[in-house]
Amino acid sequence: MSLLSSVKTFAAAVVVVGVAAPAARADLKLSALFSDHMVLQRDIALPVWGWSTPGDEVRVTVAGVRGTAKADERGAWRVVLPKLAAGGPHALKVANAAGESVGAEDVFVGEVWLCSGQSNMAMAVRSARDYDREQPAATLPMIRMFTERSGAATTPQTQCSGKWEVCSPETVGGFSATAYFFGREIHKALGVPVGLVNSSVGGTPIESWIAADVQRAEPKLQPFFEAQDKIAAAFDEAAALKTYEQQVEKWKHAAAEAKAAGKPSPRKPVNPLETRKRKGNVGGLYDGKIAPLVGYGIRGALWYQGEANAAPGKGEFYRYQLPLLVRDWRAKWGQGDFPFAWVQLPNFRSGRDGWLLVREAMLDTLALPNTGMAVTIDIGESRDIHPKNKQDVGRRLASWARGAVYGQKIETSGPLPDEFEVVGAKVVVALRHAAGLRTRDGSAVRGFELSGADGTWHPAEAEIDGPRVLVRSSAVVAPRAVRYAWADEPDVNLVNAADLPASPFRHAF
C-alpha cells in the first residue's frame, strides 16, 4: 500500500471513530431536596427527580418501593413512587445503567409543609421570644427543616440550594420560628416525622413570589403593573449608587466618631441595587426559590407575608394577588387544592391604610377552598414589625391544620364574619367559629363602629348574643355600614372559647 493510501485509510478511520465516539456522560445527581435527613410526604404518590445522561434508565428505591424512568434529551428524569406510610429511617438509592449511584440516608416519611413569605417567616428561633428556654428543649429529631438558600432568578430554575437539618439544640436557632413552632405542634399532635421546607426572604413583596407570566395575564392587576413599571423605568441605577456611596462615606465618619466615643455604631446604609436584586422584581423569587421546589410532595403550604404590600398604592391589589398565588402554586404542584393557610397582619402602628387593606384581602381570600388564616390582631408589637411571639403564630396555624386538615376536634380559627342584617337601628353580625363567644377581659365588647348615610364613623356598643353580636350607636339611627377592629393597632377584645381573637372586618349595606 502506498504512503498516500495509508494516510487516507488512517484519516477515514479517525472520522469513523469520531462519529462513533459516545457523547460525554453527565453525572447522575438528585435535586438538593433529596438529601440526607429529608422527610417525604406520606400517603401520596411521591415524585423524585434529578439528572443524568440523556437516554439513561434511572432506578429509584426507598422503603421497599421502587420506580424507573428514562432521562430525557436534556438529561432530566422524574420517577413517581407509590405511596408510603409514615416511618423510617430509610435509605433512598438511585442508580443508572452505567453503574453510577447516588442517594440519601436517614430518610423519614411523615408530614411535609412548604413555608414561605418575607421576614416574619424568615425570622429565626434565636430571634423569637424565650429562646433561652426554647433552645434546650429542642431535642426533636423527628422535626427537620430544609432552608432554601437560592437567590432570585430571571427564569424558572430547576435546582435548589440547601440542606436538611435535624432539629436539636445546636440547630434550632437557625430554623424559621413560625415554621418550627407550627411543626412542633403538628409532631406532638400526630406523632409522625415533620418536614418543613422554608423558602422566604425578608422585605419582599408578593409579586416577587408569583410567576411573572401568570401575574401579567391577570386583567385586574394591569393598573398595578402600569404603576410599578413607571417606577422601575424612573429608577436611575447610577444616581442611586452615587447617593449610596456618599451615604457610606458619611457613615464611615460617623462610625469612627462613635467608636472613639465608646458609643454604638450607626447602622450602615443599604445598597439599593442589592435590595432590588434581593427582592427579585416581578416573579424573580418564584423563579429562583419556588420553581425548584415545585413537585416535591407536600401536605400543604403556609404563607407569612403582606407587610411589604401595605405600602401606598399597593394594598388594594393584594385581594387579587394572594388568591392568584394560591391558585398558581396549586396548579404548578399538581396536587389539587392542597391546604393553604396564611398569617393575617397583626396589630402594629403602621400609619398606612394599606395595612388594613392587606388584612381585609387575607380575610376575603378564605373564600378559596381548603384555606385557613391565623388571626394575630392581639399578638403584634406596636413599634416592631417583627413581633417576637412566634409561638402563638405557629400554634394558631397548627390549630387550623389539626382541625381542618387532619380532622381533629379542635377550633381552627378565631371568629369570622358570616352574615349581616340591619334590624331597626342596630346591626346584627353573625359569626363563624363563635362557640363560646366572649370578651377576653370580661368587659364590654370593644372595637365596633357604625356609620350612616353620611359615611361618618361612630363608636358603637356591642352585645354578645350567642354566636352573634348586636351593634348599635345612639349617633346612627339608620346604619349603612359596620366595621370591627378597623385600625392598624385597634383596641379589641372579642374572642371565642378557644381564646382565639376575631378577625377585623367591615361591611356596607
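Above this text is the structure in question.
Conventions adopted
Residues numbered from 1 in each chain as written. Predicted model: local features only at pLDDT ≥ 70, side-chain atom pairs only at ≥ 80, totals over all residues. Heavy atoms only, no water. Phe/Tyr/Trp six-rings, centres within 6.5 Å; stacked < 30°, edge-to-face > 60°. Helix = DSSP H or I, 4+ residues; strand = E, 2+ residues; numbered from the N terminus. Buried < 20%, exposed > 50% of the residue type's maximum accessible area, 1.4 Å probe, protein only. Lys NZ or Arg CZ within 6 Å of the ring centre and 35° of its normal. Pairing = 2+ DSSP bridges. Axes fitted to C-alpha atoms, helices over the stretch in contact; angles between N-to-C directions. Contact = heavy atoms within 4.5 Å. Lys, Arg positive; Asp, Glu negative; His and termini not counted. Salt bridge = Lys/Arg side-chain N within 4 Å of Asp/Glu carboxyl O. Disulfide = S-S within 2.5 Å. Expected span 1.5 Å × (residues − 1). Polar contact = N/O pair within 3.5 Å; in protein donor to acceptor, adjacent residues only side chain to side chain. Parallel < 35°, antiparallel > 145°, perpendicular 65-115°, else oblique. Left-handed = near helix turned anticlockwise from the far one by under 90°. Nonpolar A, V, L, I, M, F, W, Y, C, P; charged D, E, K, R; others polar.

A. Examining the packing of aromatic side chains more closely. This model, assessed by the stated rule, comprises 21 aromatic pairs. On the basis of an interplanar angle of 55° and a centroid distance of 5.3 Å, the ring pair of phenylalanine 34 and tyrosine 296 is categorised as tilted. One end of the pair, phenylalanine 34, is in the loop between β1 (29–30) and β2 (39–41); the other, tyrosine 296, is in the loop between α9 (284–290) and β12 (300–304), and 262 residues separate them in sequence. Here phenylalanine 34 and tyrosine 296 have matching classes, each one buried. With centroids separated by 6.4 Å and ring planes inclined at 40°, the aromatic side chains of tryptophan 164 and tyrosine 296 adopt a geometry described as tilted. With tryptophan 164 in strand β10 (residues 164–166) and tyrosine 296 in the loop between α9 and β12, the pair connects residues that are 132 residues apart, well separated along the chain. The residues tryptophan 164 and tyrosine 296 share a single accessibility class, namely buried. The aromatic ring of tryptophan 51 is capped on one face by lysine 29, whose charged end is 5.7 Å from the ring centroid. For arginine 483, the ring lying beneath its charged end belongs to tryptophan 457, and the centroid distance is 4.1 Å.

B. Focus on the sheet that holds strand β20 (residues 461–465). Spatial ordering of the open sheet is given by β15-β16-β21-β20, a layout of four strands whose pairing is antiparallel. Looking at strand neighbours, the two that pair on one side only are β15 (416–423) and β20, the edges of this open sheet. With strand direction ignored, the average angle separating the axes of adjacent strands in the sheet is 25°.

C. Molecular detail of the side chain of glutamine 118. Mapped onto the elements, glutamine 118 comes out in the loop between β8 (101–117) and α2 (119–122). In this structure glutamine 118 comes out as buried when scored by relative accessible area, which is 3%. Residues contacting glutamine 118, with those up to four places away along its chain left out, are Ser200, Val201, Gly202, Gly203, Thr204, Tyr304, Gln305, Gly306, Glu307 and Ala308.

D. View of the side chain of glutamate 185. With respect to the helices and strands, glutamate 185 occurs in helix α4 (residues 177–190). The side chain of glutamate 185 is buried and forms no salt bridge, while arginine 395, the nearest opposite charge, is found at 4.1 Å. In contact with glutamate 185, other than residues within four places in its own chain, are Arg395 and Ala398.

E. Quick peek at the state of the cysteines. Throughout the structure, instances matching the rule amount to zero disulfides. Sulfur of cysteine 115: no disulfide; nearest cysteine sulfur belongs to cysteine 167 and is 13 Å away. Residue class for cysteine 115 comes out buried when judged on its relative accessible area of 0%. Here cysteine 160 is not disulfide-linked; the sulfur of cysteine 115 is the nearest cysteine sulfur, at 15 Å. Residue cysteine 160 is classed as buried on the basis of its relative accessible area, which comes to 6%.

F. Quick peek at α4. Helix length check: α4 (14 residues) gives 20 Å between terminal C-alpha atoms against 20 Å at 1.5 Å per residue, within 8%. Most of α4 is tucked away, with 10 of its 14 residues classed as buried. When α4 is considered as a whole, its buried residues turn out to be Ala177, Thr178, Ala179, Tyr180, Phe181, Phe182, Gly183, Glu185, Ile186 and His187. In this structure serine 176 caps α4, since a side-chain oxygen of it lies 3.2 Å from the backbone nitrogen of alanine 179.

G. Expanded view of unusual backbone geometry. In this model, glycine 88 is joined to proline 89 through a cis peptide bond whose omega is 5°. Within the element layout of this structure, proline 89 appears in strand β7 (residues 87–96). Even without being a glycine, aspartate 43 presents a positive backbone phi close to 65°. Residue placement: aspartate 43 occurs in the loop between β2 and β3 (46–51). Phi is positive for alanine 63, close to 50°, though the residue is something other than glycine. As for its placement among the helices and strands, alanine 63 is situated in the loop between β4 (57–62) and β5 (65–70). Overall, alanine 63 belongs to the partly exposed group, its relative accessible area being 33%.

H. Looking closely at the packing of helix α10 (residues 318–333) against helix α11 (residues 353–364). Contact geometry of α10 with α11 gives a least axis separation of 8 Å together with a crossing angle of 45°. When the axis of α10 is compared with that of α11, the two are oblique. Crossing handedness for the pair α10 and α11: right-handed. Here α10 contributes Tyr318, Arg319 and Leu322 to the contact with α11, which in turn contributes Val358, Glu360, Ala361, Met362 and Asp364. Residues of the contact of α10 with α11, tallied by class, amount to five nonpolar, no polar and three charged.

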